Amino acid sequence: ANYTTTRLLICLTANPLNGGVTSGGGLFDRGNTANINAIANAGYTFTNWTEGGVIVSVLPNYTFVVNSSRTLIANFVLTQYTVSLSSNPILGGLTSGGGTFSSGTSVTVNAIPNSGYSFANWTENGNIVSSNASYNFTLNSNRTLVANFTVNQLTVSVSANPIAGGNATGGGSFNPGASATLTASANLNYNFVNWTENGVIVSLLSTYTFVVNTSRTLVANFVASQVNISLSSNPILGGTTSGGGAVNTGSSVTVRAIPNSGYSFLNWTENGTIVSTLTNYNF
């Protein structure tokens, strides 16, 4: 009586089918050793071998002695990746949309700037990956993203009133919380009066320092220096004069000499020097 060994079938499948591939199955003589292998596809991770719903190995390479036909399933799961988010600077704003997701998931992360800041871009390892505050991508690896924000600069505008009165300096663009120093310099024949904003006096000092918390429009106010024009008649009985008094430096002044009866006007003198021979002297 002649006998032959019954050959046994080792049947392998992948779950899910696109999760990976298997190798090592086929027909074996009883008592032989089978070495089966599971290789995960991109985006998947091998979890275990099961037979009839029971886990028989958690190793992708499973070796066993063949004593019976077997149907083995290589189980795979989508790889889980993490999206980590942060803000730069921390006070610049908030982020949302990070977490753990399966490979191939469409992920949208959002950057929300705080008051006084604007969104700039998303970077990863120092490289810009998006300039959109809402950044969408397909996840196929762990990612560490930084939402970058910039400070909204505030403007301090300065001007002189009147323009001929002097110069106002120190204005420009500032980061919130920065210190600004404004300087008002009066031109010749003018004096500084005050700094005003919307018509309200904010400082009486020509050098005005403050913390910039909002955009501002400031005016340095000047007034012309006043001088006194003193008039007299020689002799006193000779006549009268008019047009003297306090006047602004730089203004046009006309003084008048009116002779009394029996007298004639001769000239105007200053410190003994003739300055005009006209009764109406303008200067």
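The structure under discussion appears in the preceding block.
Small disclaimer: the values here were computed from a predicted structure and weren't measured.

Focus: the overall build of the protein
Point 1. When helices and strands are tallied, the protein shows zero helices and 31 strands.
Point 2. If one aligns the C-alpha atoms of the protein with their principal axes, the spans along those axes are about 175 × 25 × 20 Å.
Point 3. Among the 283 residues that make up the protein, the fraction classed as buried is 30%.
Point 4. Sequence separation of 24 or more characterises 51% of the internal contacts of the protein that already satisfy a separation of 6 or more.
Point 5. Positive and negative side-chain charges in the protein, numbering 6 and 5 respectively, have mean positions lying 10 Å apart.

A closer look at the side chain of Ser 203
Point 1. The topology assignment puts Ser 203 in strand E22 (residues 200-203).
Point 2. On the basis of relative accessible area, Ser 203 is assigned to the buried category, the value being 10%.
Point 3. Among the polar contacts listed, one links the side chain of Ser 203 to the backbone nitrogen of Leu 205, at a separation of 3.1 Å.

Comments concerning the sheet that holds strand E18 (residues 166-169)
Point 1. Taking strand neighbours across the sheet as the criterion, the three strands line up as E18-E20-E23 in an open arrangement whose pairing is antiparallel. Here the strands that pair on one side only, and so sit at the sheet edges, are E18 and strand E23 (207-211). The sheet shows a mean angle of 10° between the axes of neighbouring strands, direction not considered.
Point 2. As judged from the four bridges shared by E18 and strand E20 (residues 179-186), these two strands associate in the antiparallel manner. Bridge pairing in E20 places Gly 166 opposite Ala 186.

Considerations on the packing of aromatic side chains
Working definition: an aromatic ring pair is given by the centre-to-centre distance plus the angle between the planes.
Point 1. In the structure shown here, the tally under the stated rule is 11 aromatic pairs.
Point 2. Pairing Phe 192 with Phe 222 gives two aromatic rings, centres 6.0 Å apart and planes at 70°, and the pair type is edge-to-face. Of this pair, Phe 192 sits in strand E21 (residues 190-197) while Phe 222 sits in strand E24 (residues 216-224); the two residues are 30 residues apart in sequence, bridging distant segments of the chain.
Point 3. Classification of Phe 222 as buried rests on a relative accessible area of 5%.
Point 4. A ring pair is formed by Tyr 281 and Phe 283, whose centres lie 4.8 Å apart and whose planes are at 40°; its orientation type is tilted.
Point 5. Taking the relative accessible area as the measure of exposure, Phe 283 reaches 39% and is therefore partly exposed.
Point 6. Aromatic ring contacts, followed pair by pair, group Phe 46, Trp 49 and Phe 76 into a single cluster.
Point 7. Across the ring face of Phe 210, the terminal group of Arg 216 is positioned such that the distance to the ring centre comes to 4.5 Å.

A closer look at unusual backbone geometry
Point 1. The amide bond that connects Asn 15 to the next residue, Pro 16, takes the cis arrangement and shows omega of -5°.
Point 2. Tracing the backbone shows Pro 16 in the loop between strand E1 (7-15) and strand E2 (20-23).
Point 3. At the junction of Asn 234 and Pro 235, the peptide bond is cis and its omega measures out at -5° in the coordinates.
Point 4. As for its placement among the helices and strands, Pro 235 is situated in the loop between strand E25 (226-229) and strand E26 (239-242).
Point 5. Unlike most non-glycine residues, Asn 189 shows phi in positive territory, near 75°.

Definitions and cut-offs
Residues numbered from 1 in each chain as written. Predicted model: local features only at pLDDT ≥ 70, side-chain atom pairs only at ≥ 80, totals over all residues. Heavy atoms only, no water. Helix = DSSP H or I, 4+ residues; strand = E, 2+ residues; numbered from the N terminus. Buried < 20%, exposed > 50% of the residue type's maximum accessible area, 1.4 Å probe, protein only. Contact = heavy atoms within 4.5 Å. Lys, Arg positive; Asp, Glu negative; His and termini not counted. Charge placed at Lys NZ, Arg CZ, Asp CG, Glu CD. Polar contact = N/O pair within 3.5 Å; in protein donor to acceptor, adjacent residues only side chain to side chain. Pairing = 2+ DSSP bridges. Axes fitted to C-alpha atoms, helices over the stretch in contact; angles between N-to-C directions. Phe/Tyr/Trp six-rings, centres within 6.5 Å; stacked < 30°, edge-to-face > 60°. Lys NZ or Arg CZ within 6 Å of the ring centre and 35° of its normal.

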